[in-house]
Amino acid sequence: MDSNSAPLTILKKHFGFDTFRPMQEEIILSVLNGKNCLVIMPTGGGKSICFQIPAIMQEGTFIVVSPLIALMKDQVESLKANGIEAAFINSTQNFHEEKEQLSRLNDGKIKLLYLSPEKLQNRAMYDQLKSIKISGFAIDEAHCISTWGHDFREEYSKLHFLKDKWPDVPIVALTATADKITRRDIQKQLKIDDSKIYITSFDRPNLSLQVLPGQKVYQQVKKIVARHRGESGIIYCLSRKSCEEVSAKLNSDGYNSAFYHAGIETKNRSKTQEDFIKDNVPIIVATIAFGMGIDKSNIRFVIHYNLPKNIEGYYQEIGRGGRDGLPCETVMFYSFRDVMILRDFAEESKQKEIQLAKLKRIQQYAEAEVCRRKILLTYFGEDLKEDCGNCDVCNNPPNVEDATITIQKGLSAIVRLKEKVGIGTLIDVVRGSQKSYLFQNGYNQIKTFGAGKDISYTDWQHYILQMLHHGYIEIAYDQNHVLKITEAGNEVLFNGRQVKLVKPHDAKDGFQPYLKPEPQKTQKQEFEEGLFESLRKLRKQIADSKGVPPYVVFSDASLKEMAADHPINSQEMSLISGVGDFKLEEYGEVFIVEIQKYLANSEVNNSSIRGKTYLQTLKLIKESKTIPEIAKARNIHENTVYSHLAYLVEKNLIKDINSFLSNEEIVLIQAAIKTIGNDEALKPIFDHLEEKIGYGKIKLVVSYGKVNG
Ligand code: ADP
Ligand code: ZN
C-alpha cells in the first residue's frame, strides 16, 4: 500500500508518466475522499487511472465492474506488468481458476478485482465481498445502465444494490457517452445523485479527420494502407460480405489482413482479435461488431469503408485509434448509396425517428465545409473556438464571408417562434412564404417574417446547416426536431459575436471533398526508424514469451521516445514516459542493451548518430533558446531536455548550469545530494525534496557535481 505517497508519485512509480491528464488528479482526490463521482471522458482519454491510483493508495480491494469480459484479461495483465496486484473473475474461468482468485482475494492480496455484472450479483460472490474490505466500486461503461443509451445491459440495471449494501463505499461511474439524459440516468440508477460530474474535452487532436468520396474506394484504401505498412489499423465495412472481400483483396495485394464479423464462429473471432492485439495481423476488416473489447494502444489508422450510422458510433470507432497519443489517420468514405442503405435500416428499426435524424447529422458531417472537429465537438456539446488544423477542411479551406447579419435574422426568428419550429418552417418564415399554415399559426405576424427573403430556400438550408455545425443552434430530437438556440447562438444574437460562414455558391456543386494523394502530415517525430524497429521486435519477443499483448510491455509512444532519446543507463531509461519502477526493473536492462547494440553498430556507419539528439539540444541552447522552447521545438519533454543538458555537462560541452536553474533550486538540490549521496538512484533525492523538483533538474545538478568535484 502506498498511502503515504502523493498521487503523482504513484503515477510515476507505477505507470511511468510524468503528469496527469486533465481532471485525472481531481477525480483521484475525490475518490480518496470517499466521494461518488461520474467521469465522462472520450475513449482513450485515460479513465482507468482515475480508479486505479486510488485503488493502489488505499487499504482493501477496489471492485471494477465491466461488461467487456474479453477486455478484463488484458487490463489485468497491464496492471500486473506495472507491478500492481490485480485479478478478474468471470464466466470464462473454470472452478479452480476462480477458487484461486478468491483465495488471493481473501488473503487481501488483490488491489483491483474486475468482475462482470452477473458475477457481482451472484449470492456467493456477495458473501465473499461482504467479508473483505472494499475501497471502492468502479462502474466501467456506465452508460450500459441506461435504456436511453446505445448499449443497454439488463444486468447493469440492478447495480443500484451497491449503494444499498455498501452505503459508505465510493462509486466511480465511467463512460465515454456524454448526453445529458444518459448522465442523469446513471446517477439516478446507481443512487449517486450527489455525485460530482467530471467531463473532459472530447477532443482527440492526434486523430486526423478526412472524408473522401465513396468511389473506387478500394483503390483509395490501398493507398492509405501503403503508407502505414506494418502498422495496425481497422477498416470498418457495412456488410459481412464486403469485410471478407476487402480482406481477400488486401491479402492478394500483399497485405496481411483478417476479417471479423458477427457471422463468424466465436472461437475464430477470438483468435482474430488476439492476432490483432498481439501484432500478428496488422489489418482487420470488420463490421462494427469489432472493437468493443479492444484496448490496443497502437492503432495507426481507422478507415470507414462506408458511411457510419451515426456520429456517436463513428466517434467511438475512430477513437480506438491512437490511444497512445501518437498520430492516427482516420478516413471516412461517403456515398449516397450508403445513405440509402442506412435509411432503409433506420426505417425498419424501433427508434425510427431518432435513427433517421442521427443519420442525417452524420451525413451533414460528411458534407460539411467547416472544420470537421468543430462539428464533432459541437455535437458532443463543446465549443471549440479555433479550427483544428488537422482535418481535410482545415487543410484546404473553402471561401468564407461575414454572415453575422444573416445568422442574426435566423436566430431572431427562432426566438420569436419560441423555439417551437423545425428547419422547414423557419425558412418559410424568414423568407416570408405565403403558405397557408404560416397564416393559420400567426407566424406571419412575427417581426422577422420575410426578413431574409433575398436569400433562396437552398441557400438558407445551407446556412442553417452551418449554424448547426458551428453550434449556434441545436436540434431537439426528442421534441419533434425543433430548433433551439445554444449559448454560442445567444452570443451571436445578443452580443454581436461575429460569424464567418462558407458562401453558398461555392458549395452549390454539393460535396467537393479534398483528395489528398500525399501522405498525411504527421506530428514531428525525431526518432530512429531502425532503432524503433529493433525495439519493436524485442518487445514482440518478450510479449510472446509472456503470452501478453506487446503494448502491455511498452506502448509505441515509449518505444518512439527511446528511439529518439537513446537512454543508455537506468537513470535515463526512467525518464522515458511509460517506464515505471516495475517495468524499469523488469525490462529496462534488455532494452538498454538493445539500444547500446544499435548505437554501437550505427557508429561504424555513421559516427554522428550517438549523441545526435544531445547535439541538437546543444545547438538550440547556443541559439539562446529556453528549456520550454527547446522542448516544444523538438517535441520532447522538458525532463528530457534537462537530461540532455546533464549529458552535455558530463561531456564538458556545457560548463555552466546557472542559466538553466534558479539559485534556490541549485542550493536545494546540492543540499539534498549532500544528505543523500549521489550514486545511481535519483529517487531518494527526489523524495527528499518532497517531489518539488523534477528528475531532470536533479540529474543536471548531479552531473555537474560529478564533473566539478
Ligand atoms: P479510456 O479507458 O478512457 O479509454 P485508458 O484508461 O485505457 O483510456 O487510457 C488510454 C491510454 O492513455 C493508455 O495507454 C494509458 O496508459 C494512457 N494514459 C492514461 N493516463 C495517462 C497520463 N497521465 N499520461 C500519459 N498517458 C496516460
Ligand atoms: Zn479542422
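The rules behind these values
- Residues numbered from 1 in each chain as written.
- Chains lettered and ligands numbered in written order.
- Predicted model: local features only at pLDDT ≥ 70, side-chain atom pairs only at ≥ 80, totals over all residues.
- Heavy atoms only, no water.
- Buried < 20%, exposed > 50% of the residue type's maximum accessible area, 1.4 Å probe, protein only.
- Helix = DSSP H or I, 4+ residues; strand = E, 2+ residues; numbered from the N terminus.
- Pairing = 2+ DSSP bridges.
- Right-handed = clockwise from strand over helix to strand, strands pointing away.
- Axes fitted to C-alpha atoms, helices over the stretch in contact; angles between N-to-C directions.
- Contact = heavy atoms within 4.5 Å.
- Near = heavy atom within 4 Å.
- Polar contact = N/O pair within 3.5 Å; in protein donor to acceptor, adjacent residues only side chain to side chain.
- Nonpolar A, V, L, I, M, F, W, Y, C, P; charged D, E, K, R; others polar.
- Donors = N, O, S within 2.8 Å, 3.2 Å for Na, K, Ca; no water.
- Tetrahedral: all angles 85-135°; square planar, octahedral: opposite > 155°, others 65-115°.
- Parallel < 35°, antiparallel > 145°, perpendicular 65-115°, else oblique.
- Left-handed = near helix turned anticlockwise from the far one by under 90°.
- Domains from an automatic or database assignment.
- Buried area = accessible area lost by both parts, 1.4 Å probe.
- Salt bridge = Lys/Arg side-chain N within 4 Å of Asp/Glu carboxyl O.
- Expected span 1.5 Å × (residues − 1).

Undergrad: Just to check I follow, could you spell out the pairing of strand β12 (residues 299-304) for this structure?
TA: Consecutive residues of a regular strand have side chains that alternate between opposite faces of the sheet. Summarising burial for β12: 6 of the 6 residues are buried, a large majority. Bridging between strand β9 (residues 232-236) and β12 involves 5 bridges; their strand directions are parallel. Of the residues in β12, the one forming a bridge with Gly233 is Phe301. Where β12 meets strand β13 (residues 328-334), 4 bridges bridge the pair, whose relative direction is parallel. Considered in β13, the bridge of Val302 is made with Thr330. Once the chain exits β12 it traverses helix α13 (residues 311-319) before rejoining the sheet at β13, and the crossover so formed is right-handed.

Undergrad: Even after reading the chapter, I still don't get the sheet that holds strand β4 (residues 112-115), so can you show me in this structure?
TA: Sheet strands associate in pairs through backbone hydrogen bonding, adopting either a parallel or an antiparallel arrangement. Taken together, 7 strands build an open sheet; the order of strands is β3-β4-β2-β5-β6-β1-β7 and the sheet is parallel. Only two strands of the sheet have a single partner each, and these edge strands are β3 (86-89) and β7 (196-199). Looking at each pair of strands side by side, their axes are set apart by 20° on average, direction ignored. Across 5 bridges, strand β2 (residues 61-65) lies against strand β5 (residues 134-139) in parallel orientation. From the neighbouring strand, Val64 faces β5, where its bridge partner is Ala138. Here helix α7 (residues 123-130) sits on the sheet and contacts β2, β3, β4 and β5; the angle it forms with β4, its principal contact strand, is near 165°. Against the sheet, helix α9 (residues 180-189) engages β1 (37-40), β6 (171-175) and β7, with an angle of about 150° to β1.

Undergrad: Explain the site of ligand 1 to me, please; I cannot follow it from the model alone.
TA: Taken together, 15 residues surround ligand 1, and among them Thr19, Gln24, Gly44, Lys47 and Ser48 come closest. Side-chain polar atom of Arg21 to an oxygen atom of ligand 1: 3.1 Å apart, as the coordinates give it. A distance of 2.6 Å separates an oxygen atom of ligand 1 from a polar backbone atom of Gly44. Looking at the shell around ligand 1, its residues break down into 4 nonpolar, 7 polar and 4 charged.

Undergrad: Just checking my understanding: could you explain unusual backbone geometry for this structure?
TA: Of all residues except glycine, most have a negative phi; of all peptide bonds, most are trans. The phi dihedral of Asp279 falls on the positive side, at around 60°, and the residue is not glycine. Among the secondary structure elements, Asp279 is positioned in the loop between α12 (266-277) and β11 (283-286). The exposure class assigned to Asp279 is partly exposed, which follows from its relative accessible area of 23%.

Undergrad: Mind showing me how you'd approach the side chain of Thr287 here?
TA: Within the secondary structure, Thr287 sits in the loop between β11 and β12. Thr287 gets classed as buried once you look at its relative accessible area, which sits at 10%. Those residues in contact with Thr287 that lie beyond four places of it in its chain are Tyr236, Cys237, Leu238, Ser239, Arg240, Cys243, Tyr260, His261 and Ala262.

Undergrad: I would appreciate a short explanation of the coordination of the zinc ion (ligand 2) in the present structure.
TA: Coordination of the zinc ion (ligand 2) by the protein involves Cys371 (SG), Cys388 (SG), Cys391 (SG) and Cys394 (SG), with metal-donor separations of 2.3 to 2.4 Å. Because the angles between the 4 donor atoms bound to the zinc ion (ligand 2) fall within 102 to 120°, the donor set is best described as tetrahedral. Read from N- to C-terminus, the donor residues coordinating the zinc ion (ligand 2) fall into the pattern C-x16-C-x2-C-x2-C. On the basis of relative accessibility, which here comes to 1%, the residue Cys391 falls in the buried class.

Undergrad: Looking at this model, I keep getting lost on the side chain of Arg634. Mind explaining?
TA: In this fold, Arg634 is placed in helix α30 (residues 627-634). When its relative accessible area of 6% is taken as the criterion, Arg634 is described as buried. Within the structure, Arg634 has its side chain in polar contact with the side chain of Thr617 (distance 2.8 Å).

Undergrad: Which parts of the structure should I look at to understand the packing of helix α24 (residues 529-546) against helix α26 (residues 556-565)?
TA: The description of two packed helices rests on the angle between their axes and on the distance between the axes. Where α24 contacts α26, the axes come no closer than 9 Å and their chain directions differ by 135°. Considered as vectors, α24 and α26 are oriented oblique to each other. Here the hand of the crossing between α24 and α26 comes out right-handed. Only Asp556, Leu559, Lys560, Met562 and Ala563 of α26 make contact with α24, whose side of the interface consists of Leu531, Phe532, Leu535, Arg536 and Arg539.

Undergrad: Can you help me understand the domain arrangement of the protein in this one?
TA: The accessible area lost on association of the parts is a frequent measure of interface size. As far as domains go, the protein holds domain 1 (7-199), domain 2 (207-387), domain 3 (400-506) and domain 4 (527-708). Each of domain 1 and domain 2 has a C-alpha centre, and the two are 29 Å apart. At the interface, 12 residues of domain 1 touch 10 residues of domain 2. Buried area between domain 1 and domain 2, summed over both chains or domains, comes out near 1,100 Å², and the portion from carbon and sulfur atoms is 59%. Counting the contacts that link domain 1 with domain 2 gives 0 salt bridges. Summed over the shared surface of domain 1 and domain 2, the result is 0 residue pairs in polar contact (both at pLDDT 80 or more). A breakdown of the residues in the side of domain 1 that touches domain 2 according to their chemical character gives 4 nonpolar, 4 polar and 4 charged.

Undergrad: What should I look at first to understand α24 in this one?
TA: For an α-helix, the turn length of 3.6 residues means that residues three or four places apart are oriented alike. Given a rise of 1.5 Å per residue, 18 residues ought to cover 26 Å, and the 26 Å separating the end C-alpha atoms of α24 matches this to within 8%. For α24, the full list of buried residues reads Leu531, Phe532, Ser534, Leu535, Leu538, Arg539, Lys540, Ile542 and Ala543. Gly547 occupies a position one or two residues after α24 and carries a positive phi of about 70°.

Undergrad: I would appreciate a short explanation of the sheet that holds β13 in the present structure.
TA: Strand order across the open sheet formed by 6 strands is β8-β13-β12-β9-β11-β10, with parallel pairing between neighbours. The two strands at the open ends of the sheet, each matched to only one other strand, are β8 (207-213) and β10 (257-260). Neighbouring strand axes in the sheet, compared pairwise and without regard to direction, differ in orientation by 15° on average. Each of β9, β10, β11 and β12 is contacted by α12, which is oriented at about 140° to β10, the strand it contacts most.

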